[in-house]
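Take a look at the letters that make up each chain.
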Amino acid sequence: MSNSEEHPSSASHPVIVSRPDHNISRKDIDPDALKVLYRLHHHGHIAYLVGGGVRDLLLGRKPKDFDISTSAHPTQIRKLFSNCRLIGRRFRLAHIYFRGGKIIEVSTFRTISEFNTEDGPIRSDNTFGTPEEDASRRDFTVNALFYNIADFSIIDYLDGLNDLKAGIIRCIGDPIIRFREDPIRMLRAVRFASLLGFSLDAASAAGISTLRNEIWDGAVPRILEEIVRMMDRGNSGAALSLLHQIGLVESILPEINSHIRKAGLNEYLDILSRLDQYGRDGTILKPWLTIAVLVYPLYHSGITGLHRPDHLKSAREVLSPIAERIQIPRKIRDTIRQSLAAQHRFFALGDRRYSRQAILRKSYFLDALSLFEMIAGGTQEGRNLISSWKEIGKGVPDRAPRPKRRRKRRRGPSPNQPSIPR
Ligand code: ATP
Ligand code: MG
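Computed from a predicted structure; not experimentally measured.

The rules behind the values
Residues numbered from 1 in each chain as written. Chains lettered and ligands numbered in written order. Predicted model: local features only at pLDDT ≥ 70, side-chain atom pairs only at ≥ 80, totals over all residues. Heavy atoms only, no water. 1 Å grid on protein atoms, 1.4 Å probe; cavity = no way out; pocket = protein on both sides within 12 Å on 5 of 7 lines; lining within 4 Å. Points joined across faces, edges and corners; volume = space filled by probe spheres on them. Helix = DSSP H or I, 4+ residues; strand = E, 2+ residues; numbered from the N terminus. Nonpolar A, V, L, I, M, F, W, Y, C, P; charged D, E, K, R; others polar. Near = heavy atom within 4 Å. Polar contact = N/O pair within 3.5 Å; in protein donor to acceptor, adjacent residues only side chain to side chain. Pairing = 2+ DSSP bridges. Axes fitted to C-alpha atoms, helices over the stretch in contact; angles between N-to-C directions. Parallel < 35°, antiparallel > 145°, perpendicular 65-115°, else oblique. Left-handed = near helix turned anticlockwise from the far one by under 90°. Contact = heavy atoms within 4.5 Å.

J.: I'd like a description of the layout of surface pockets, backed by residues and values.
T.: The space that makes up the second largest pocket amounts to roughly 740 Å³. Taken together, 35 residues make up the lining of the second largest pocket; nearest its centre are Ile303, His311, Gln343, His344 and Arg345. When residues of the lining of the second largest pocket are traced back to their parent elements, those giving at least two are α13 (266-281), α14 (287-303), α15 (311-325), α16 (330-347), α18 (365-376) and α19 (380-392). Of all the elements, α16 adds the most residues to the lining of the second largest pocket, at seven residues. Of the residues in the lining of the second largest pocket, the class split is 16 nonpolar, ten polar and nine charged.

Structure, rendered in structure tokens:
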């Protein structure tokens, strides 16, 4: 990537990097996203690839998704695409559907972020804006770059290219205002920094340190979602270290923070290195596993040294306050609790007190074993145990068994006999 103009961009004079001077090639862009961009363009609208798609392609990374912004209004977009649905209550966005469940999201340029919740639902058209305003309502400079399908250039209103080169996550505007507007941006900052190996600029880092306890002013389900997202792409160790360093572990998971203060981060980093191997292989990690891995060291320190620990009770006691605070859904909570409480059985493979069959029959056997792989995979002894359990567990179906259907009793020809539901 080379920047054709050396002076920094200013809102009214964006830096434009023409095609020969950057590395984004159309063959790296999803063909369906390209179709959408071209159709908008051929109908006279401005059409840009935006957000993480542009950022990741400039860095030579494979984007997770391709989002589009356009001057076309939602109703105009719907007229152009038969496979389109408009969604969103505050802001209308277009979802364009393709084969295999793929969705390309198209938004109209606008002046304010959907996370600005001060004035309630917005349905009028007065939020539509210019490309420049659309860049400014985004979260970080590196997320506000546009790829213009009209001439294949990059448009940079906010000096994002220089931050991309320098490896910096920088808030657009005053971090205090932007984090107050949407506190979840604090977690997004940590997510992008750890994912890309970037650092936070001083003002953004200071903003997080100041406002970290206001994270609860954001929507709680988004807190859980962001934590899971930052752990599942192969950089969970870096993410936890940065979260801890900046004080967000203390604000969100104080129990884990106290444990880290006593025992250090190394135990976590060891377990998370195995989670990261899976994340890097592209394995889709189940959200419960990410959370279970975060809770395990705390759970384990609580049962260590107890004469006859009640594993399930301890797992419940450790998990409950965390699960209440970050609103972990009940089903996920159950899987985490059962899997935590099952770990000692995997360690005790040769111990006659525990029946192998009993754990094999549990609906959560494979889930608990996948947690054991993270916990025990760091030593040769642990890896031997994992292989043995995998061998023992061959053929166990990867889902909870369905309740058995009762067979109809055959009691001779008695057509009038009613079947009694049990
Ligand atoms: P990922 O690789 O995880 O998809 P992304 O940068 O594309 O990263 P998305 O959550 O897909 O992130 O959002 C797409 C774009 O929308 C972002 O790059 C950013 O420009 C904008 N955006 C998303 N969330 C916010 C937010 N909370 N505040 C401001 N802008 C946001
Ligand atoms: Mg994205």
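Now that the structure is up, let's keep going.
J.: Run through the site of ligand 1, naming residues and quoting values.
T.: Near ligand 1 lie 20 residues; those nearest to it are Arg55, Asn143, Asp182, Arg185 and Arg191. Measuring from a nitrogen atom of ligand 1, one finds a side-chain N or O atom of arginine 185 at 2.8 Å. The set of elements that each furnish at least two residues to the shell around ligand 1 consists of α2 (52-58), α7 (184-196) and α9 (220-231). Looking at which element gives the most residues to the shell around ligand 1, the answer is α7, with four residues. Here the shell around ligand 1 is composed, by residue class, of two nonpolar, three polar and 15 charged.

J.: So what about the pairing of strand β6 (residues 103-108)? Which residues, and what values?
T.: A regular strand places its side chains on the two faces of the sheet in alternate fashion. With four bridges joining them, strand β3 (residues 67-70) and β6 adopt parallel strand pairing. Bridged to aspartate 67 within β6 is glutamate 105. Here strand β5 (residues 93-97) runs beside β6; their pairing, made up of four bridges, is antiparallel. Residue histidine 95 lies in a different strand from β6, and its bridge partner there is glutamate 105. With antiparallel pairing between neighbouring strands as the criterion, β5 and β6 make up a hairpin whose turn holds five residues, including glycine 100 at a positive phi of roughly 75°.

J.: Residues and numbers for the packing of α14 against α15, please.
T.: Between α14 and α15, the least distance of the axes is 10 Å, while the angle of their chain directions is 135°. Relative to α15, α14 is oriented oblique. In the packing of α14 onto α15, the handedness of the crossing is right-handed. When α14 is examined against α15, the residues Val295, Leu298, Tyr299 and Ile303 are found in contact with a partner set consisting of His311, Ser314, Ala315, Val318, Leu319 and Ile322. A per-class count over the contact of α14 with α15 returns eight nonpolar, two polar and no charged.

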